[in-house]
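# Coordinate analysis (summary)
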Amino acid sequence: MPADAYPADQPLPSIEPGEWASRANQAARSVTRTFGRRLCFLPGTHIGAVTLPTKPLRQIAGPWHYWWQAHYVDCLVDAGRRELAAATKFDGASRPSAGRLASRLVTTIRLRHLLRFENHFYDDMAWLALSTLRLEKLAEETRNPGRRRNAYVRKRLTLQFDSASTDDLGGGTFWSTARDFKNTPATAPVALYFARTGRSERAQSLVNWLNSRLLNPQRGVYMDGLRIRRGETVLEEAVYTYNQGPVLGALLELGGRENLERAAQLVQAVSRELTVPGTRVIRGDGTGDGGLFTGVLVRYLAVAARDQRLPATARDTARELVHATAAGFWSGRREAPELRGTKDGDGEPAVLFSPDPLRPAAETYPPGAAVELSTQLQAWMTFEAAATLTPAATG
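Please read these numbers as outputs of a predicted model, since none were measured by experiment.

## Considering the packing of aromatic side chains
- Taken as a whole, this structure holds 15 aromatic pairs when the rule is applied.
- Geometrically, the ring pair formed by W64 and Y66 is tilted, given 5.9 Å between the ring centres and 50 degrees between the ring planes.
- The buried category is assigned to Y66, whose relative accessible area is 4%.
- Relative to Y152, the ring of F117 has its centre 6.4 Å away and its plane inclined at 65 degrees; by these criteria the two rings are edge-to-face. Pair noted here: F117 is in the loop between α4 (98–112) and α5 (122–142) and Y152 is in helix α6 (residues 147–164), with a separation of 35 residues, a long-range link.

## A closer look at the pairing of strand β6 (residues 232–236)
- Relative to β6, strand β5 (residues 225–229) runs antiparallel, the two sharing five bridges. What sits directly across from L226, in β6, is L235.
- Counted between consecutive antiparallel strands, the loop separating β5 from β6 contains two residues, among which R230 sits at a positive phi close to 55 degrees.

## Things to note about the nonpolar core
- In this structure, W20, L157, F161, L248, L301, W380 and F383 are the most contacted members of the largest nonpolar core, which totals 124 residues.
- With ten residues, the top contributor of residues to this core is helix α3 (residues 66–86).
- Other than its neighbours up to four places away in sequence, L248 contacts A263, L266, V267, Y300, L301 and A304.

Scoring rules and cut-offs
Residues numbered from 1 in each chain as written. Predicted model: local features only at pLDDT ≥ 70, side-chain atom pairs only at ≥ 80, totals over all residues. Heavy atoms only, no water. Phe/Tyr/Trp six-rings, centres within 6.5 Å; stacked < 30°, edge-to-face > 60°. Buried < 20%, exposed > 50% of the residue type's maximum accessible area, 1.4 Å probe, protein only. Helix = DSSP H or I, 4+ residues; strand = E, 2+ residues; numbered from the N terminus. Pairing = 2+ DSSP bridges. Core = buried A, V, L, I, M, F, W, Y, C linked by side-chain atoms within 4.5 Å. Contact = heavy atoms within 4.5 Å.

Now the structure itself:
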């Protein structure tokens, strides 16, 4: 797809939230039917395959990417919230609801992780804590008893965040148990988690540290982190799309004049710094872990677009970024009848999405190519974000 498909100076096509919900459902069915499977064939388990096609032994012994699974939980919660509103399951009445699949996934993450939720990376744990917090709220609304387990997850992980958020380097949260790197990927989601669990003072101190140590004042976006190397502090100046997302979420969750002003400025900086030139489409960051980056940012841009405390210009910009990026992913999709499990009763084939919203999946994922779960979750969460918003203005 050409980069001028969504020019910044032209109005976007108006697409109703109901249509985005339908697209999100199709992406959800595609991911859960093709990538979702039992762990070691155990009944009642559910986990996402890292790549397809793959060999069964690799699914058991190979990498399984804790934080990808955490975002899989988040996507299922998104679908579950739409199920609750529409009183209709995303995958038909005879199949498990999104909320039930999410609960199974959390249980299976613990099984796959040798009966532990604690992990070597604090950012991984933060994403799981955030997703289970949302799952607990969904469970409360649906009166699902699984909320006790979700509270246990968060209790265990909160202890980890407290231990990692120290005064070393002036504040912030360590990235891993090696404790030689404090960065935005860990500090921002931990700050958001603290803000959502009533620890506003702790959350604000982490946000203040990000603003003082990792905000690039010229560009208005947040850099990667501070590394301790041979006893010296080294600034890692790289700017990643997904880092901006949880910072934006934390600023909005905390509220207050300064945080809201910073949030509005961040939305504009993202539009200026992290879009494909000449468009309103958030740039892609490749495959692997990068296959989630765009989607994570879009999730929190949608939160900003819905927040009436922000100026209308910031809300409109955020909404246009979400819709343009979602439109790019959808336009570049391709059907993938070659994937295992793509047809299940209703004959609907799997749909594959490109890791780059402005490159077609036929180019990035031609038949026979290995397809990564991260990239498909990214597109799915982008459609979920678009489904929460009203259409962009048409002129």
